[in-house]
Amino acid sequence: MNLSSIFSKKKEKVPHCSAVVLGAGNALRMGMDKMLYELEGKPVLARTLLAFERSELVDEIVVVTRADLLETVAELCKNYGINKVSRVISGGSTRTESALAGVSEVSSKAKLIAIHDGARPFVTTDLILRTVYAADEYLAAAPVIASTDTLKAVDDKGFMQGTVDREHTVRVQTPQIFKAELIKAALTRAVEKNLTLTDDCSAIEMLNVKPHTVQGDEDNIKLTTPRDLLAAQAILHDREDLQ
């Protein structure tokens, strides 16, 4: 039986969950606006938002984008029937500032907040479901996948300093989901301290909270460089549920 069909029966037990989708970056490594890049005729951002639109456990979506794309993104949401979007706002100069802007705009009803990279268009409703349930139980949760390469620590001159224990190392994905007041406090503190963070679990860890992990998805890739678009095409051709 599909995980969604099992857990949707428990929907009434899950508190209000708002999703913040981040798409305010400048995409320098991609060399183009990756959020609006069309994969098989559908923009990357639309594919991302539709996954949250379809999730029974997500009640609201706030989209964080660049100031010059506010109208474009609002029109995209309208064109693709993404009705859960309550606000489209402009982000800050850093990822952390954009995340704080997004969580500050969610509904006052939100007890859980999911933060997701807009450039991960292959997130599934099952992955969202697993992470929502873990966050509701453990305060904070994130999907992870095992590291398959040997990992080495290096110094600032490029010399290897030793092997990192792969058994206790994972690659972290999004959505990362948190109790609402917890992530608001953590991101506020990070911005006040002018910290540069690459994900939102890092902000939570500063409050001595250990996020719980759930099994991630190898297909839940982040589109960062033009080479990633080749992998994206392969994923689309392999999975009918993403068409």
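Just so you know, these numbers come straight off a predicted model, no measurement behind them.

What follows is about unusual backbone geometry. Most peptide bonds take the trans configuration, and most residues that are not glycine carry a negative phi. The residue after T174, namely P175, is reached through a cis peptide bond having omega 15°. Structurally, the position occupied by P175 is in the loop between strand 10 (170-172) and strand 11 (176-179). One non-glycine residue, L139, lies in the positive phi region at around 80°. Relative to the helices and strands, L139 is located in the loop between helix 5 (125-138) and strand 7 (140-146). You will see that N208, though not glycine, has its phi angle at about 65°, which is positive. Here N208 shows up in the loop between helix 7 (201-205) and strand 12 (212-215).

A few words on helix 3 (residues 70-79). Buried within helix 3 we find V73, L76 and C77. Down the axis of helix 3, the buried side of the element spans an arc of 100°, and every buried residue falls inside it. Among the exposed residues of helix 3, those pointing more than 90 degrees away from its buried face are E71, K78 and N79. At its buried positions, helix 3 is contacted by strand 3 (42-43), helix 2 (44-54), strand 4 (60-65) and strand 5 (85-90). Just downstream of helix 3, G81 is the residue with a positive phi angle, here 65°.

The next subject is the packing of helix 4 (residues 95-103) against helix 6 (residues 180-192). Packing of helix 4 against helix 6 brings their axes to within 9 Å, and their N-to-C directions diverge by 145°. In this structure, the crossing between helix 4 and helix 6 has a hand that is left-handed. Here T96, E97, A99, L100 and V103 of helix 4 lie close against helix 6, whose contacting residues are I183, K184, L187, T188, A190 and V191. The residue makeup of the contact of helix 4 with helix 6, split by class, is seven nonpolar, two polar and two charged.

What follows is about the nonpolar core. One finds L39, L49, F52, I61, I82, V132 and L223 to be the most contacted residues of the largest nonpolar core, which totals 44 residues. Broken down by secondary-structure element, the contributors of at least two residues to this core are strand 1 (17-23), helix 2, strand 4, helix 3, strand 6 (112-117), helix 5 and helix 8 (226-238). Setting aside residues up to four positions removed in sequence, L49 forms contacts with V21, I61, V63, L76, C77 and I82. Counting 26 residues, the second largest nonpolar core, distinct from the first, contains V64, L100, A186 and A203.

The rules behind these values
Residues numbered from 1 in each chain as written. Predicted model: local features only at pLDDT ≥ 70, side-chain atom pairs only at ≥ 80, totals over all residues. Heavy atoms only, no water. Helix = DSSP H or I, 4+ residues; strand = E, 2+ residues; numbered from the N terminus. Buried < 20%, exposed > 50% of the residue type's maximum accessible area, 1.4 Å probe, protein only. Arc of directions from axis to C-beta. Contact = heavy atoms within 4.5 Å. Axes fitted to C-alpha atoms, helices over the stretch in contact; angles between N-to-C directions. Left-handed = near helix turned anticlockwise from the far one by under 90°. Nonpolar A, V, L, I, M, F, W, Y, C, P; charged D, E, K, R; others polar. Core = buried A, V, L, I, M, F, W, Y, C linked by side-chain atoms within 4.5 Å.

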